[in-house]
Amino acid sequence: MLLAFTASTALARLPDPTTPAGYVAHLLVNEVPFPGERGYRSEQDTAAAMEQLLHVLDRRLERIPTPYTQQQIAATRANDILDIITVGGEKGQFDGFYRDAQGRPAMVPRVTERIDNLNRIASQGKPGTFARLLTHAGDLATAYLAEQQRPSDRHAAVSKAERQPATGGGYSWMTDEVRYHPGGNFLRIEDTDAGSLGGNRFFTLRKAPR
Amino acid sequence: MIARSLLLGFTALVLATPVRAETLGFDYLALVMQHLYRWHLDETVLIQVDPTGTLTIHHRDTTPELDDTDRSSYRELLIPSIRYRVLLKKADYDVPELGITITNKEYRIIKAERVDDWLGDLSGFEQVDLDAKAMMDYLFSVRNQRTYPDEALIERMRRALREHLTGPSSPPVQGPQTVYIAPLSRVSNNLWVYWENAGRLIRYSSDTDLDTEAFWAYEKLGVRVYDLSTDVVISFAEAAGSNAFVTRDWAARALFNCVVFGQRLIITPGEPVAVPAGETTP
């Protein structure tokens, strides 16, 4: 499948973005803060955020809880993770990730510019936090797509959120501010349940939809 | 620096136990309230404040687990009278890849949000009681106060904006471009710019202070652009789950701060342009 952009530089630590693993890894990196950026807390926090972002994608693809439908949660019917990511266009569910006019998965320039900058920083001096986080994103995406490997899920056991019974598992994320909320049957996972990671707030689902 | 008369007046606002010197001082809390007034509060919030009573600020350390060499600290402020929760960070860590240290001179606001679900037990918090009327009077008195970037920062902004205006993320431009830079907040590392020709709001942000060289190592990383013709909604519920949008309410505040209070610059992509006399405001 031809994708709508060229591969990153030789110093890149992410898989080729023209591959599904590379595309997923680029999304994981795009959504989290690196040292010096707004929202950065720690390497562990950013890495954890990447892992939970992957779980959201996976849950939207393969683990929709009864009685919900995939369409209700992911705004699409899909059996391909790239369709989960690109639904809704440039400003869809995952801002900046879309399919171009030829149907190829694409990213807006600000995404690739930032990742190129992160790669450049990661390549300066001894490998440090930047390199480890980029590698982590690549490893997560590669392991998931090649072998269906999922990291440990911090949100799997969430049984209550916003004082209501919840399905558990993360099904959405948004910027971690109270005014950002997907609404509907999504429930905000509390801080005590690791709901805030990497500057993102994760959301589970109401157990009984209204 | 807050005018001495205002500072003395503000000192009189404090009614109860003084804040410990190593935590938050009077000047600082005034700046936080001023920032909230400028960027967050609306009429429905201030109308709840009883001007005959006290405005209590609760605060505590909330420093999470950090990287081994990270010396940063975090604090949480709760302001029940206006139902606001403010998270603060005082960054202090090294970025070896860039050979820089990310630092803040004081705590910076990293999040401010109105909270309806309020904590019942505030026993772990320190408390500062302020005279509510005096605080309201103070906020009214400084409502038009503006702090502009100095010449060095303006020059850096010109270069950054010139590059951004002609970058791959921007629409094609021709001729001089008009931008408005919002006044600075001493407690925030967000810098807002309104690019009039393209109808775009641009936010520069970083963990490090705006007036440090380290900030400019991150200018490209910390840019967020909102196209006001396509990226504005009334409510995030209209585009559930998407982070691509900004509410009209928020866009209006940013525009007010940029256009009414801000500093207007003319930038010609591709060449430096001397700003005509009178274009910049001291």
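Computed from a predicted model, the values in this text were never measured in an experiment. (Residues numbered from 1 in each chain as written. Chains lettered and ligands numbered in written order. Predicted model: local features only at pLDDT ≥ 70, side-chain atom pairs only at ≥ 80, totals over all residues. Heavy atoms only, no water.)

J.: Looking at this model, I keep getting lost on the confidence of the model for chain B. Mind explaining?
T.: A low pLDDT means the predicted coordinates there should not be read in detail. All names here are of chain B. With 87% of its residues at a pLDDT of 70 or more, chain B has an overall mean of 85. Taken as a whole, residues 1-22 scores under 50 in pLDDT and shows 36 contacts with residues more than four places along the chain or in a different chain. Below a pLDDT of 50 lies the segment residues 273-282, which in the model reaches 14 contacts outside its immediate sequence neighbourhood of four places, other chains included. Scoring of the predicted complex yields 0.89 for pTM and 0.89 for ipTM. (pLDDT = per-residue confidence, 0-100. Contact = heavy atoms within 4.5 Å.)

J.: Looking at this model, I keep getting lost on the packing of helix H2 (residues 43-62) of chain A against helix H6 (residues 129-147) of chain A. Mind explaining?
T.: Axes are the key here: two packed helices are described by the angle between their axes and the distance separating the axes. All names here are of chain A. Relative to each other, H2 and H6 sit at 20 degrees, their axes nearing to 10 Å. The angle between H2 and H6 falls in the class roughly parallel. Every pair of crossing elements has a handedness; the one defined by H2 and H6 is right-handed. Residues Glu43, Thr46, Ala47, Met50, Glu51, Leu54, Asp58 and Leu61 of H2 form the contact with H6, whose participating residues are Thr129, Arg132, Leu133, His136, Ala137, Leu140 and Tyr144. Broken down by class, the residue content of the contact of H2 with H6 amounts to 8 nonpolar, 3 polar and 4 charged. (Axes fitted to C-alpha atoms, helices over the stretch in contact; angles between N-to-C directions. Helix = DSSP H or I, 4+ residues; strand = E, 2+ residues; numbered from the N terminus. Parallel < 35°, antiparallel > 145°, perpendicular 65-115°, else oblique. Left-handed = near helix turned anticlockwise from the far one by under 90°. Nonpolar A, V, L, I, M, F, W, Y, C, P; charged D, E, K, R; others polar.)

J.: Which parts of the structure should I look at to understand the sheet that holds strand S9 (residues 190-195) of chain B?
T.: All names here are of chain B. Pairing within the open sheet is antiparallel, and its 5 strands lie in the order S11-S10-S9-S8-S14. The sheet is open, and its two borders are formed by strand S11 (223-227) and strand S14 (263-267), each paired with just one other strand. Ignoring strand direction, the axes of neighbouring strands in this sheet form an average angle of 25 degrees. Relative to S9, strand S8 (residues 177-181) runs antiparallel, the two being bridged by 3 bridges. Within S9, the residue paired with isoleucine 181 across the bridge is valine 193. (Pairing = 2+ DSSP bridges.)

J.: How do you make sense of the packing of helix H1 (residues 20-30) of chain A against H6 of chain A when you look at a structure like this?
T.: Residue and element names in this part refer to chain A. Close contact between H1 and H6 brings their axes to 8 Å; oriented N to C, the two are set at 135 degrees. Accordingly, the angle class assigned to the pair H1 and H6 is oblique. The element H1 and its partner H6 pack so that their crossing is right-handed. On the side of H1, the interface is formed by Pro20, Ala21, Val24, Ala25, Leu28 and Val29, while H6 contributes Leu134, Ala137, Gly138, Leu140, Ala141, Thr142 and Leu145. Across the contact of H1 with H6, the residue classes tally to 11 nonpolar, 2 polar and no charged.

J.: Sorry, what's going on with helix H2 (residues 26-39) of chain B here?
T.: Structural remark: α-helix, 3.6 residues per turn; residues separated by three or four positions point the same way. Residues and elements named next belong to chain B. Here H2 contains 14 residues, and its C-alpha end-to-end distance of 20 Å stays within 8% of the 20 Å for a straight helix at 1.5 Å per residue. Counting buried residues in H2 gives 11 out of 14 residues, a clear majority hidden from the surface. If you check which residues of H2 are buried, you get Tyr28, Leu29, Ala30, Leu31, Val32, Met33, Gln34, His35, Leu36, Arg38 and Trp39. (Expected span 1.5 Å × (residues − 1). Buried < 20%, exposed > 50% of the residue type's maximum accessible area, 1.4 Å probe, protein only.)

J.: Which parts of the structure should I look at to understand the environment of valine 225 of chain B?
T.: Residues and elements named next belong to chain B. Its place among the elements puts valine 225 in strand S11. The class for valine 225 is buried, based on a relative accessible area of 18%. Remark: the alpha-carbon pair of valine 225 and tyrosine 148, spanning 77 residues in sequence, is separated by 21 Å. In this view, valine 225 contacts His164, Arg200, Leu201, Ile202 and Asp231; residues no more than four positions away in its chain are not counted.

J.: What is the right way to read the interface of chain B and chain A from this model?
T.: Interfaces are often sized by the amount of accessible area the parts lose when they come together. Contact residues are listed per partner, giving 40 residues for chain B and 40 residues for chain A. Together, the buried faces of chain B and chain A total about 3,400 Å²; carbon and sulfur atoms form 46% of this surface. Area buried by chain B at its contact with chain A is led by Glu97, Leu221 and Asn243 of chain B, which between them contribute 21% of it. For the pair chain B and chain A, the interface holds 4 salt bridges. For arginine 85 of chain B, the salt bridge goes to aspartate 191 of chain A, with nearest N and O atoms at 3.8 Å. The interface formed by chain B and chain A holds 18 residue pairs in polar contact (both at pLDDT 80 or more) in total. For the side of chain B that touches chain A, the elements supplying multiple residues, two or more each, are strand S3 (84-90), strand S4 (92-95), strand S6 (108-114) and strand S10 (200-205) of chain B. Take the side of chain B that touches chain A: its biggest share by element is 3 residues, from S6 of chain B. (Buried area = accessible area lost by both parts, 1.4 Å probe. Salt bridge = Lys/Arg side-chain N within 4 Å of Asp/Glu carboxyl O. Polar contact = N/O pair within 3.5 Å; in protein donor to acceptor, adjacent residues only side chain to side chain.)

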